[in-house]
Amino acid sequence: MGGSGMQVTAVYPGTFDPITNGHLDIITRGVRLFDRIIIAILNNPEKNPLFSLEERMDILQAVVGTLPKVRVESFDGLLIDYARERRAQVIVRGLRALSDFEYEYQMALMNRKLAPDIETVFMMPSEAYSYVSSQLVKEVVRLGGSVEGLVPLPVIDRMRTRYDSRPPGGKRRS
Ligand code: PNS
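Here the structure is a predicted model, which means the values were calculated and not measured.

Q: An account of the overall build of the protein is needed here, citing residue identities and associated values.
A: Looking only at helices and strands, the protein has six helices and five strands in total. When the helices and strands of the protein are listed from N to C terminus, the series reads β-α-β-α-β-α-β-α-β-α-α. Each principal axis of the C-alpha distribution contributes one length, and for the protein these read about 55 × 30 × 30 Å. Within the span of the protein, comprising 174 residues, buried residues form 45% of the whole. Restricting the contact set of the protein to residue pairs at least 6 apart, pairs at least 24 apart contribute 75%. In the form shown here, the protein has an accessible surface area of approximately 10,000 Å², with 54% of it arising from carbon and sulfur atoms. Distance between charge centroids for the protein: 2 Å, based on 23 positive and 21 negative side chains.

Q: Go over the pairing of strand E4 (residues 90-94), please, and point to the residues and values.
A: Two faces make up the sheet, and in a regular strand the side chains alternate between them. With four of five residues buried, E4 is to be regarded as a mostly interior element. Pairing geometry for strand E1 (residues 9-14) and E4, over two bridges, is parallel. Bridge pairing links Ala10 to Val90 in E4. As defined by bridge partners, E4 adjoins strand E5 (residues 119-123) across five bridges and the pair is classed as parallel. Across the sheet, residue Ile91 finds its bridge partner in E5, namely Thr120. In this fold, the crossover linking E4 to E5 by way of helix H4 (residues 98-114) has right-handed handedness.

Q: I'd like to hear about the site of the ligand, residue by residue, with values.
A: Contacts to the ligand come from 14 residues, most closely from Thr15, Lys47, Gly77, Leu79 and Arg93. One of the side-chain nitrogen or oxygen atoms of Lys47 is found 3.3 Å away from an oxygen atom of the ligand. In the environment of the ligand, an oxygen atom lies 2.8 Å from a nitrogen or oxygen atom belonging to the backbone of Leu79. Out of a free accessible area of 550 Å², the ligand has 77% covered by protein chains. Taken together, the elements giving at least two residues each to the shell around the ligand come down to E1 and H4. Top contributing element to the shell around the ligand by residue count: H4, with four residues. Here the residues of the shell around the ligand are counted per class, giving eight nonpolar, four polar and two charged.

Conventions we followed
Residues numbered from 1 in each chain as written. Predicted model: local features only at pLDDT ≥ 70, side-chain atom pairs only at ≥ 80, totals over all residues. Heavy atoms only, no water. Helix = DSSP H or I, 4+ residues; strand = E, 2+ residues; numbered from the N terminus. Buried < 20%, exposed > 50% of the residue type's maximum accessible area, 1.4 Å probe, protein only. Contact = heavy atoms within 4.5 Å. Areas by Shrake-Rupley, 256 points an atom, 1.4 Å probe, with all protein chains shown as cover. Lys, Arg positive; Asp, Glu negative; His and termini not counted. Charge placed at Lys NZ, Arg CZ, Asp CG, Glu CD. Pairing = 2+ DSSP bridges. Right-handed = clockwise from strand over helix to strand, strands pointing away. Near = heavy atom within 4 Å. Polar contact = N/O pair within 3.5 Å; in protein donor to acceptor, adjacent residues only side chain to side chain. Nonpolar A, V, L, I, M, F, W, Y, C, P; charged D, E, K, R; others polar.

Quick look at the structure:
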């Protein structure tokens, strides 16, 4: 960006449980806009994710790890502390619908309060993915529906395997 020689690093944070084609769409747009984009997976075991942090790292690496300018990492604690550590000037978030707005608006302004030097940039994914969320994708696959075209293929395989070894309801057989 710009002719000043300044390199703009963006952090794209999220839970990514799992990554969807909507996330992928935002990453592709981010690559065009920023010099570097670090996909930062929140380590949030208390959210009881379907995929462990290690699995989410593996999946993200497989799906976007070879894209130039893209790196996959994980983080703990405050997002702005992590962004500062990485010398990122920008936080990227995707906005699908009005329903995303209120929460995103609060986070962006709280992050600005904590770190006025870091700018949140919102990007809209293709309308083809405007209804796609990790939550709904998991529910559909768990109940036997197809999410082809909505998540990357490696994700479909992993989810099928995961739900085949988990009875409906989500609890593991003991
Ligand atoms: O994919 P998600 O779950 O919508 O991502 C939410 C995320 C990871 C961006 C947000 O929960 C976050 O930044 N968590 C880190 C802790 C933090 O900085 N909290 C204050 C946010 S104002």
